Amino acid sequence: MGQTQMKVASLDRVWATIRREAEQIAQDEPLMASLVHSGILHHDSFERALSFRLAQKLASPEMSDLILRELADAAYQSEPEIVAAARADLLAVYDRDPACHRYVQPVLFFKGYQAVQCYRIAHWLLMQGRIDMAYFIQMRTSEAFGVDIHPGARIGQGIMIDHAHSIVIGETAVVGDNVSMLHSVTLGGTGKEDGDRHPKIGEGVMIGAGAAVLGNIRIGACSRIAAGSVVLRDVPPKTTVAGVPARVVGGAGCSEPAKTMDQRFGDPD
């Protein structure tokens, strides 16, 4: 119980920090005062602010922001684990992305973070049997952010997607906790086969820019996939793979590659 209370207090401090950062934005850049007041300062909790922001980003003539916000609020109230995952993702981005200097940045500006949170709502809708609404959220997420994550995929928490342009994650893909990936990553199939056909990514994996991981294969925990690689076979834990097709080129270089984000391998020049 004591540990739980400490975690809750820590999360509350993060929300308080987000509010302070938003107040500073309004002070430093008056033209953005309306945005930060409506998006952050008007709300009494992290999840209320997040549902508002996501609804604003996904709204279209086909679906109003009010309806989308009600969907997000319903997901957060029904499954508190979604909010916990959103907080863990926020901390992951802050810790791992060198371009992230404030907690408020991912909530307001980072499409990788926002797209993953939209996926979480779509996944909740799919699990509720609301299949078409889940697909609608997937479609709008792809249109708004350039990130296409099937709502049937299963994604853990502590996820960081840097830049996030052209990310594709297929229907039966599984992504473990504390995974980092860069732009243009594909977790896809190898053809027209049905059933379980997408990769299973272990905890703590780092996937470099432009990498494609294809088929129902397993990527071992705390491994690294080099940028531009095409992975067609299982990858052992704590190794680095590179090339087309990818092969093992060494160890992972550290115990937690997804957190260090070190993409170098081999001897330096």
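The structure presented is a predicted model; accordingly, all values stated were derived computationally and were not measured.

Draft legend 1. Focus on the packing of helix H4 (residues 65-78) against helix H5 (residues 80-96). Closest axis-to-axis distance for the H4/H5 pair is 4 Å, and the angle between their directions is 100°. One way to sum up the angle between H4 and H5 is to call them roughly perpendicular. Contacts between H4 and H5 involve Ala75, Tyr76, Gln77 and Ser78 from the former and Pro80, Ile82 and Val83 from the latter. For the contact of H4 with H5, the class distribution of residues is five nonpolar, two polar and no charged.

Draft legend 2. Looking closely at the sheet that holds strand S11 (residues 218-219). One open sheet holds the four strands; their spatial order is S2-S5-S8-S11, and the pairing between them is parallel. Here the strands that pair on one side only, and so sit at the sheet edges, are strand S2 (154-155) and S11.

Draft legend 3. Region of interest: the sheet that holds strand S13 (residues 230-231). The strand order S1-S4-S7-S10-S13 describes an open sheet built from five strands, whose pairing is parallel. Two strands lie at the open edges of the sheet, namely strand S1 (147-149) and S13, each paired on one side alone. Here two bridges tie strand S4 (residues 167-169) to strand S7 (residues 186-188), and the two strands are oriented parallel to one another. Along S7, the bridge assignment pairs isoleucine 169 with leucine 187.

Draft legend 4. Just empty space enclosed by the protein, in detail. On inspection of all chains with the given rule, the structure shows two cavities of 30 Å³ or more. The space that makes up the largest cavity amounts to roughly 50 Å³. Around the largest cavity, the lining residues are Leu54, Ala55, Leu58, Leu68, Leu71, Ala72, Cys118, Ile121 and Ile137. Looking at the lining of the largest cavity, the elements that each hand over two or more residues are helix H3 (46-58), H4 and helix H7 (111-127). The class makeup of the residues in the lining of the largest cavity is nine nonpolar, no polar and no charged. As a volume, the second largest cavity reaches approximately 40 Å³. Taken together, Val93, Gly112, Tyr113, Val116, Ile159, Met160 and Ile161 form the lining of the second largest cavity. For the lining of the second largest cavity, the secondary structure elements donating two or more residues are H7 and strand S3 (160-161).

Definitions and cut-offs
- Residues numbered from 1 in each chain as written.
- Predicted model: local features only at pLDDT ≥ 70, side-chain atom pairs only at ≥ 80, totals over all residues.
- Heavy atoms only, no water.
- Axes fitted to C-alpha atoms, helices over the stretch in contact; angles between N-to-C directions.
- Helix = DSSP H or I, 4+ residues; strand = E, 2+ residues; numbered from the N terminus.
- Parallel < 35°, antiparallel > 145°, perpendicular 65-115°, else oblique.
- Contact = heavy atoms within 4.5 Å.
- Nonpolar A, V, L, I, M, F, W, Y, C, P; charged D, E, K, R; others polar.
- Pairing = 2+ DSSP bridges.
- 1 Å grid on protein atoms, 1.4 Å probe; cavity = no way out; pocket = protein on both sides within 12 Å on 5 of 7 lines; lining within 4 Å.
- Points joined across faces, edges and corners; volume = space filled by probe spheres on them.

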